[in-house]
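Listed below are the residues making up each chain.
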Amino acid sequence: MTQINKLKIFNDPIYGFISIPNALIYDLIQHPYFQRLRRISQMGLSYLVYPGANHTRFHHALGCMHLMQKAVDVLRFKGVSVSEEEENALYIAILLHDIGHGPFSHAMEKSIVEDVHHEEISLLFMRQLNIEFKGQLSLAIKIFEGDYHRKFMLQLISSQLDMDRMDYLKRDSFYSGVAEGNVNSERLIQMMNVQDDFLVIEEKGIYSVEKFLMSRRLMYWQAYLHKTSLVGELILTKILKRAKELTLKGVLLPCSEPLQFFMQNKVGLELFDTETLDLFSQLDDFDIISALKAWQKNDDFILSSLSKMIINRDLLKIKLTSDKIAIEDLNPLKERFALENNISIADTNYFIFKGKIKNQAYDKEAEPIRILKKDRTVEDVIESSDQLNLKSLSKSVTKYYICFPKQLI
């Protein structure tokens, strides 16, 4: 039997060639759980705004692993000891950090499953893979859960300056065409070091950190929280909520078997057994899109109207404001819409609603980004920076929105 060459390379438009470091990583990438990420879009419904934003979580996970390879090389060069086992665990943990994302990502966490965060599902996938791979993921899981004694390793995977953020900002900026999001990940990684077991950025890299935080803020306003992406995601959440409501009333809606299961059952974290996880692993963006195409023709006015909105990109009107919106402001719109479409006031909540969004580029309450000064002392980037705008980046900015059908203007 011929031995398959598992030391393959991927051609990536962002970094050029990405190499697979060993056979275990190759086998994890080949696993159906991971291959499913090819069918999960990285930016959800942002393609409704930016037509190029069709890249996938598969792309992103490989990019993160590539950056982790660079980070390990840099830290070793600077005298930080990283054993082969630790190195491998870092690659596995970063490769699988997003494996728990559902179709269209965040819309799912509020509708298909009952408030189960994608990171919790990622962990369930990792544990299942650990059984299949006979314990070879144990250290990766330990690091991912924050239980490993070398704290900087978790910071490389999940912190305010991790490989995940470095890749998605650069990648999402590239595919969406929002140039402001482009970060210099190479320079940031070159400036990394470890002091007292914490990840630090050497002082000469501070301007790259400032640019990174500013890019993150701009990407949130221009891409992730763009009002059209936002209203698309809100409509999708309402569609799935309505579909679940109808299914629980006994209406059989045409959709794939895995989606049917999540429509018929209220699935919280405690119900995620191996069988449920397997069904979840069969869900991707295509299940949702094909369901929406079928539901456009449904007799239910709410389900068909909302499904048409996404399929035809004829969305609800969304208005953003800095001021809070009173619930009373919605009442005249609801009464008019109910009358015009012969539906109850309660049902108008699917079409007319309000909410708020927050953007905070740097969280002072979370694990800080540490700057290593020339005298070997360490301080928070906010204290080190001479940029006044960095202090403002740590303030949470809230905007309020109201959504309603265009014909009510």
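Right above here is the structure, for reference.
Residues numbered from 1 in each chain as written. Predicted model: local features only at pLDDT ≥ 70, side-chain atom pairs only at ≥ 80, totals over all residues. Heavy atoms only, no water.

## Remarks on the overall build of the protein chain
Definition in use: Only DSSP runs of H or I covering at least 4 residues are called helices, and only runs of E covering at least 2 are called strands; the numbering of each starts at the N terminus. Computation of the radius of gyration draws on C-alpha atoms, with the globule rule given as 2.2 Å multiplied by the number of residues to the power 0.38. Under the scheme applied here, a residue whose accessible area is under 20% of the maximum for its type counts as buried, over 50% as exposed, and between as partly exposed, the area being computed with a 1.4 Å probe on protein chains only. Contacts were defined at the residue level, with two residues in contact if any of their heavy atoms lie within 4.5 Å. Per-residue and other accessible areas follow the Shrake-Rupley method at a 1.4 Å probe size, with only the shown protein chains counted as cover for residues. In this charge count, Lys and Arg are treated as positive and Asp and Glu as negative; neither His nor the chain ends contribute. By convention, the charge on Lys lies at NZ, on Arg at CZ, on Asp at CG and on Glu at CD.
Along the protein chain, the regular secondary structure elements total 19 helices and nine strands. Taking 2.2 N^0.38 as the reference for a compact globule, 409 residues should give roughly 22 Å; the C-alpha atoms of the protein chain span a radius of gyration of 23 Å, in line with that estimate. Reported as C-alpha extents along the three principal axes, the dimensions of the protein chain are approximately 70 × 65 × 35 Å. In the protein chain, buried positions account for 56% of the 409 residues. Of the contacts formed within the protein chain by residues at least 6 apart in sequence, a portion of 71% connects residues at least 24 apart. Looking at the protein chain as shown, the accessible area adds up to about 18700 Å², and 51% of this sits on carbon and sulfur atoms. Across the protein chain, the 51 positively charged side chains and the 54 negatively charged ones have centroids separated by 5 Å.

## Comments concerning helix α3 (residues 57-77)
The cut-off we apply is this: For a helix, the expected span equals 1.5 Å multiplied by the number of residues minus one.
The end-to-end C-alpha separation of α3 is 30 Å, in line with the 30 Å expected for 21 residues at 1.5 Å each. Most of α3 is tucked away: 16 of the 21 residues are buried. G79 sits one or two residues past α3 and shows a positive phi near 90°.

## A word on the sheet that holds strand β5 (residues 317-321)
How we decide: The pairing criterion for strands is at least two bridges between them, as found by DSSP. Angles here are taken between N-to-C directions and fall from 0 to 180 degrees, while the axes themselves are lines fitted to C-alpha atoms, restricted in helices to the stretch in contact.
Taken together, the three strands give an open sheet; going across it, the order is β5-β9-β6, and neighbouring strands pair in antiparallel fashion. Where the open sheet ends on each side, the last strands, each with one partner, are β5 and β6 (353-359). Neighbour to neighbour, the strand axes of the sheet diverge by 25° on average, direction disregarded. Bridging between β5 and strand β9 (residues 397-404) involves five bridges; their strand directions are antiparallel. Among the inter-strand pairings, K319 is bridged to a residue of β9, identified as I402. Together, β6 and β9 form the strand contacts of helix α11 (residues 206-224), whose direction differs from that of β6 by roughly 165°.

## Some words on the packing of aromatic side chains
As a reminder of what qualifies: Note on aromatic pairs: the rings of Phe, Tyr and Trp (six-membered ring only in Trp) are paired at centre separations within 6.5 Å, and the planes decide the class, stacked below 30 degrees, edge-to-face beyond 60, tilted for the rest.
For the coordinates displayed, the defined rule picks out 14 aromatic pairs. Ring centres 6.5 Å apart and planes at 35° place the aromatic pair F262 and F272 in the tilted group. Here F272 lies in the loop between α13 (257-264) and α14 (274-280) and F262 lies in helix α13, a separation of ten residues in the sequence. For F262, a relative accessible area of 0% translates into the label buried.

## Structural notes on the packing of α13 against helix α15 (residues 285-295)
Relative orientation and spacing of two packed helices are given, respectively, by the angle between their axes and the distance between those axes. We count it as follows: Note on terminology: angles under 35 degrees are roughly parallel, angles over 145 are roughly antiparallel, angles of 65 to 115 are roughly perpendicular, and the others are oblique. Classes in brief: Ala, Val, Leu, Ile, Met, Phe, Trp, Tyr, Cys and Pro nonpolar; Asp, Glu, Lys and Arg charged; the others, Gly included, polar.
Following both chains from N to C, one finds α13 and α15 inclined at 75°, their axes separated by 10 Å at the closest point. On the basis of the axis angle, α13 is roughly perpendicular to α15. For the pair formed by α13 and α15, the contact residues are P258, L259 and M263 on the first element and D287, I288, A291 and W295 on the second. A class-by-class count of the residues in the contact of α13 with α15 yields six nonpolar, no polar and one charged.

## Some points on the pairing of strand β3 (residues 192-195)
Judged by which residues are buried, β3 turns out to be covered on both faces: M192 and V194 on one side and N193 and Q195 on the other are all buried. Here β3 hands over to strand β4 (residues 198-202) after two residues, with D196 in that stretch at a positive phi of 50°.

## A short note on unusual backbone geometry
Phi at N342 takes a positive value of approximately 55°, unusual for a residue other than glycine. As for its position among the elements, N342 is in the loop between α17 (331-341) and β6. Of note in the backbone geometry, R376 takes a positive phi value of approximately 75° without being a glycine. Following the sequence through the fold, R376 ends up in the loop between β7 (370-372) and β8 (378-380). Relative accessible area serves as the criterion here: at 47%, R376 is assigned to the partly exposed category.

## Here's the deal with the sheet that holds β3
The mixed open sheet is built from four strands, whose spatial order is β3-β4-β7-β8. The open sheet has two edge strands, β3 and β8, and neither has a second partner. Between one strand axis and the next, the sheet turns by 45° as a mean value, whatever way the strands run. Across three bridges, β4 lies against β7 in parallel orientation. Within β7, the residue paired with E202 across the bridge is L372.

## Quick word on the side chain of S307
Here S307 lies in helix α16 (residues 301-311). In this structure S307 comes out as buried when scored by relative accessible area, which is 0%. The contact partners of S307, leaving out residues within four places of it in the chain, are I239, L292, W295 and Q296.

## Quick word on the environment of D347
Mapped onto the elements of the fold, D347 is located in the loop between α17 and β6. Relative accessible area serves as the criterion here: at 23%, D347 is assigned to the partly exposed category. In the structure, D347 is positioned ten residues away from F337 in sequence and 9.9 Å away in space, judged by C-alpha atoms.

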